Each structure stands twice: as C-alpha cells, then as structure tokens.
Amino acid sequence: MSFQIRAAFTDTAVTVYQAYTPGIGVPAAREGRFPSTWKRERMTWIKPSFLWMMYRCGWGRKESQETVLAVEITREGFEWALRSAALSHFKPGLHPDHEAWRRELRGAPARVQWDPERDLRLNPLGHRSLQLGLSGEASRRYADEWTVSITDITPLVHEIHALVTAGDLEAAAELLPRERPYPIAEAAIAHLRPPTP
C-alpha cells in the first residue's frame with residue numbers, strides 16, 4: 001500500500017520521533033516531559049518512521065536537531081489526532097474543491113503529510129510515510145496528556161549511522177526499531193489517504 005502508517009507500538013502506546021536542540025531534548029528526556037521552553041502554541045511534527053526522522057535530522061547532525069527523541073504516546077491520543085487531522089495539501093478526488101480543503105485545514109488541530117519512506121542510506125522508497133503535525137489543542141494534549149515516556153536515542157542514532165557509513169547495513173538494520181503496519185480502522189483515516197491514480 002502506498003500510504004501506510006508503520007510504527008513501533010505496544011497495546012497501549014505508539015513511538016514517534018522528534019529532534020531538538022540539546023537545550024530542549026536533554027531536559028525532556030531527563031524529566032520525561034517537555035520543558036516549559038517547549039512552545040505548546042506552536043505546531044510540532046511527529047514521525048512514526050525512524051528512518052524518515054533520520055532523513056529529516058541528518059542522523060542528529062543538523063543544527064538544532066542534535067538530540068533525537070523517541071516519544072511514546074498513548075494510542076488513544078495518536079488515533080484522536082489522526083481522526084481530527086486534515087491533509088496538508090489539496091488532493092482532487094478527496095476534496096470537492098480548494099475552498100472546502102482550506103476550511104477543513106483551518107478547523108483541524110492536526111495535519112498529515114505523506115512523504116517517501118527512506119532506506120538505511122536515506123534513499124526514497126516506493127511507499128510513503130506519515131508525518132503528523134499537531135497544533136493548538138492537539139499540541140497541548142501531546143505534551144501534557146498523551147506523552148508516556150521520552151527517551152534520548154541520540155547514541156543509538158549515531159551507532160546505526162556509523163554502521164551505515166562503514167557499509168555494514170545488515171548490522172545497522174538489526175538495531176532499527178521494529179516498525180509494522182499500525183492497526184487502525186480504514187474509516188478513521190480514509191480522509192487522509194489520497195486516491196490511488
């Protein structure tokens with residue numbers, strides 16, 4: 001399936017990834033919650049795909065993205081955000097017209113983008129990976145209600161990157177989080193899946 005949510009998850013929680021400056025990421029991991037310096041009124045993007053996060057943050061080497069976090073959030077919260085989300089781009093066949101899409105986007109506390117999934121060398125793959133943007137109510141709930149745990153995985157990120165750089169993709173793959181298709185009713189996310197051409 002071209003548009004599929006894959007994630008590491010348990011019966012109660014799902015893991016998403018973000019990358020921050022050490023000033024935010026280190027205290028967040030230490031305290032298990034986002035510090036007051038984390039702006040709850042701003043949109044924040046969470047990614048269930050580890051390798052897409054690596055593509056975005058350059059294996060934790062990009063400026064202001066040096067601390068990579070694995071954030072466990074409740075499945076209940078994650079699914080609420082998906083049900084409440086709008087697509088970030090207009091898609092004919094899914095939206096009646098541009099104005100209807102704009103109204104939907106304005107009223108939604110979350111938005112979804114689908115970007116090409118990545119392999120260990122960060123090359124694009126043929127299927128797409130979910131990015132979930134949270135704002136307003138969704139952002140506040142994420143930080144203060146849904147978060148179960150926050151782990152600084154920067155050392156793991158650097159270890160996997162070193163193996164990739166050395167050409168040992170098999171060893172690198174062994175260290176990757178075990179992501180699998182996320183079980184959610186099709187009706188809950190049909191409004192987020194662009195029609196297949």
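See the structure shown above.
Residues numbered from 1 in each chain as written. Predicted model: local features only at pLDDT ≥ 70, side-chain atom pairs only at ≥ 80, totals over all residues. Heavy atoms only, no water.

Considering all chains together, one arrives at one cavity of 30 Å³ or more under this definition. Forming the walls of the largest cavity are Gln4, Ile5, Arg6, Ser49, Glu117, His127, Arg128, Ser129, Leu130 and Glu179. If you tally residues by element for the lining of the largest cavity, the top one is strand S7 (residues 124-134), at four residues. Classifying every residue of the lining of the largest cavity by side-chain character gives two nonpolar, four polar and four charged. (1 Å grid on protein atoms, 1.4 Å probe; cavity = no way out; pocket = protein on both sides within 12 Å on 5 of 7 lines; lining within 4 Å. Points joined across faces, edges and corners; volume = space filled by probe spheres on them. Helix = DSSP H or I, 4+ residues; strand = E, 2+ residues; numbered from the N terminus. Nonpolar A, V, L, I, M, F, W, Y, C, P; charged D, E, K, R; others polar.)

Approximately 430 Å³ is the volume attributed to the largest pocket. What lines the largest pocket is a set of 17 residues, among which Ala19, Tyr20, Arg42, Met43 and Thr44 lie closest to the centre. Every element with two or more residues in the lining of the largest pocket is listed here: strand S2 (13-20), strand S3 (44-46) and helix H2 (50-57). The element best represented in the lining of the largest pocket is S2, accounting for three residues. Residues that form the lining of the largest pocket fall into these classes: seven nonpolar, six polar and four charged.

Spatially, S2-S4-S8 is the arrangement adopted by the three strands of the open sheet, whose pairing is antiparallel. The sheet is open, and its two borders are formed by S2 and strand S8 (147-152), each paired with just one other strand. The sheet shows a mean angle of 25 degrees between the axes of neighbouring strands, direction not considered. Two elements, strand S4 (residues 67-74) and S8, share five bridges in a ladder whose sense is antiparallel. Bridge assignment links Val71 to a residue of S8, and that residue is Ile150. (Pairing = 2+ DSSP bridges. Axes fitted to C-alpha atoms, helices over the stretch in contact; angles between N-to-C directions.)

Bringing the packing of aromatic side chains into the picture now. Considering all chains together, one arrives at 10 aromatic pairs under this definition. Consider the rings of Trp38 and Tyr142, whose centres lie 6.1 Å apart with planes at 50 degrees: the pair is tilted. Taken together, the residues Trp38 in the loop between helix H1 (22-31) and S3 and Tyr142 in helix H5 (residues 137-146) connect sequence positions 104 residues apart. The exposure class of Tyr142 is buried, given its relative accessible area of 0%. (Phe/Tyr/Trp six-rings, centres within 6.5 Å; stacked < 30°, edge-to-face > 60°. Buried < 20%, exposed > 50% of the residue type's maximum accessible area, 1.4 Å probe, protein only.)

Turning our eyes to something else, we now look at the environment of Trp38. What makes Trp38 buried here is its relative accessible area of 4%. Between the C-alpha atoms of Trp38 and Ala7, which are 31 residues apart in sequence, the distance is 24 Å. Those residues in contact with Trp38 that sit more than four places away from it in its chain are Tyr20, Ile24, Thr44, Ser139, Tyr142 and Ala143. (Contact = heavy atoms within 4.5 Å.)

Paired through backbone hydrogen bonds, the strands of a sheet run either parallel or antiparallel to each other. Strand order across the open sheet formed by four strands is S3-S7-S6-S5, with mixed pairing between neighbours. The two strands at the open ends of the sheet, each matched to only one other strand, are S3 and strand S5 (85-87). Strand-to-strand, the axes of this sheet are offset by a mean angle of 40 degrees, without reference to chain direction. Looking at chain direction, S5 and strand S6 (residues 110-118) are connected through three bridges and run parallel. Looking across to S6, one finds that Leu87 is bridged to Val112.

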